[in-house]
Amino acid sequence: MIRPSLWLHGASLTCATWRKVIDGLPLAQTPNLPAVETDARVEAYADMLQPLAPDGAVLVGHSLGGMVALELAARTRPAALILIEAVPTVVDTFAGRLAGRVLPAVLKRIPPRRLAGLTGVGEPKTVARELRAQIPHWGADAIADQMRAAAAYDGRGRLSKIAAPTLLVRGTRNRATRRGMNALATGIVDSELLELDGGHNLPLEMPETVRVQIDAFLTRRLG
C-alpha cells in the first residue's frame, strides 16, 4: 500500500500497537492519541488528528482509535476505512452507560502497571507482554480520560456519512463488541464484516493476519 494511512490505537495502548502491522508501509502514520487539555472527547481527538488524515488516506482504528477514525471518516474523504474491534457507541446499553460513569473514576485509582497486569489476565502471552509494555506509557489520569471519551461518544449519526469502502474486523472470542459491530455493518452502506479467531486486541494478538486481511481488502477494493 503506497497511499497515506493513519493508524489509531485503542484506549490505554500506544502507537506500538501497530509496530508489526505496518512493516514496509513508508507513508503510514501511527501517532499516540494526543493529550486533551479540557474535556476528553472523541471529537477533540479528531480535531487534533485531522491534519494527519488528508482526503484519499486510508484510516485504520482499533477500539477507541476506531471511534476516532470513524469521526474522521465522516469529516473527510478517505480512500478506505478499517475498524478493528470498534463500536459506534456504548451509550445504547445500560451496561455501557454505567461503565462510562464508573470506570474512569476507578481507573484513576489504579496505577498503570497494575492495570496492565489486570488487563492481561486471560490474554495470550504475546498480548499480555504488549499490554505490560504499552499501558505504563500513560498516567492514570490520561487513561481515565481516554475511557471517558470512549464512553461518551455516539457516532451512530455518522454512519450514513461514510461513503468509503469499509472493512470491519472483529474477534470471535469477544462478545462485548458484537452488538456495536453489527450496528456498524448495518449503518455503513459499503462495508464488509470479517471475523478472526481472536479477542479484542487483534493487532497485538495476530498482527500478520490483520495486515494480510487489510492488504487483501485494499487490493480488492482500491486496486
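Above this text is the structure in question.
Let me sum up the structure you'll find in this document. None of the values given here were measured: they were computed from a predicted structure.

Below, the discussion takes up the environment of Trp 138. Structurally, Trp 138 can be placed in the loop between α5 (125–134) and α6 (140–152). Taking the C-alpha atoms as reference points, Trp 138 and Thr 14, separated by 124 residues in sequence, lie 8.7 Å from one another. When sequence neighbours within four positions are dropped, the list of residues in contact with Trp 138 reads His 9, Ser 12, Leu 13, Thr 14, Asn 32, Leu 33, Pro 112, Ile 143 and Gln 146.

Each strand in a sheet pairs with its neighbour through backbone hydrogen bonds, running either in the same direction (parallel) or in the opposite one (antiparallel). Strand order in the open sheet formed by six strands is β2-β1-β3-β4-β5-β6, and the pairing between neighbours is parallel. The open sheet has two free edges, formed respectively by β2 (28–29) and β6 (191–196), since each of these has just one partner strand. As judged from the five bridges shared by strand β3 (residues 58–62) and strand β4 (residues 80–84), these two strands associate in the parallel manner. Looking across to β4, one finds that Val 60 is bridged to Ile 82. Running over the sheet, helix α2 (residues 64–75) touches β1 (5–8), β3 and β4 and is turned about 150° from β3.

To continue, consider the nonpolar core. If you look at the biggest cluster of nonpolar residues, it comprises 34 residues, and the most contacted ones within it are Tyr 45, Leu 59, Leu 64, Val 68, Leu 72 and Leu 184. Contributions of two or more residues to this core are made by β1, α1 (42–49), α2, β4, α6 and α7 (178–187). Per element, the largest residue contribution to this core is eight residues, and it comes from α2. Counting 22 residues, the second-largest nonpolar core is a separate cluster that includes Val 60, Ala 79, Ile 84 and Leu 218.

Another aspect to go through is the packing of α1 against α2. Taken N-terminus to C-terminus, the directions of α1 and α2 make an angle of 65°; their axes are 9 Å apart at the nearest point. Viewed along their axes, α1 and α2 form a crossing whose handedness is right-handed. Between α1 and α2, the residues in contact are Val 42, Glu 43, Tyr 45, Ala 46, Asp 47 and Leu 49 and Leu 64, Met 67, Val 68, Glu 71, Leu 72 and Arg 75, respectively. Grouping the amino acids of the contact of α1 with α2 by side-chain chemistry returns eight nonpolar, no polar and four charged.

With burial as the criterion, each face of β1 is covered, one bearing Ser 5 and Trp 7 and the other bearing Leu 6 and Leu 8. The pairing of β1 with β2 spans two bridges and is classified as parallel. Bridging across to β2, Leu 6 finds its partner in Gln 29. Here β1 pairs with β3 via four bridges, running parallel. Bridging from a neighbouring strand, Trp 7 pairs with Val 60 of β3.

Mapped onto the elements, Thr 89 comes out in the loop between β4 and α3 (94–107). Exposure remark for Thr 89: the relative accessible area of 4% places this residue in the buried category. In terms of polar contacts, Thr 89 uses its side chain to reach the backbone amide nitrogen of Val 91, at 3.1 Å. In terms of polar contacts, Thr 89 uses its side chain to reach the backbone carbonyl oxygen of Tyr 153, at 2.7 Å. Ignoring anything within four residues of it in the chain, the contact list for Thr 89 reads Met 67, Tyr 153, Asp 154, Gly 155 and Arg 156.

About the criteria used
- Residues numbered from 1 in each chain as written.
- Predicted model: local features only at pLDDT ≥ 70, side-chain atom pairs only at ≥ 80, totals over all residues.
- Heavy atoms only, no water.
- Helix = DSSP H or I, 4+ residues; strand = E, 2+ residues; numbered from the N terminus.
- Contact = heavy atoms within 4.5 Å.
- Pairing = 2+ DSSP bridges.
- Axes fitted to C-alpha atoms, helices over the stretch in contact; angles between N-to-C directions.
- Core = buried A, V, L, I, M, F, W, Y, C linked by side-chain atoms within 4.5 Å.
- Buried < 20%, exposed > 50% of the residue type's maximum accessible area, 1.4 Å probe, protein only.
- Left-handed = near helix turned anticlockwise from the far one by under 90°.
- Nonpolar A, V, L, I, M, F, W, Y, C, P; charged D, E, K, R; others polar.
- Polar contact = N/O pair within 3.5 Å; in protein donor to acceptor, adjacent residues only side chain to side chain.

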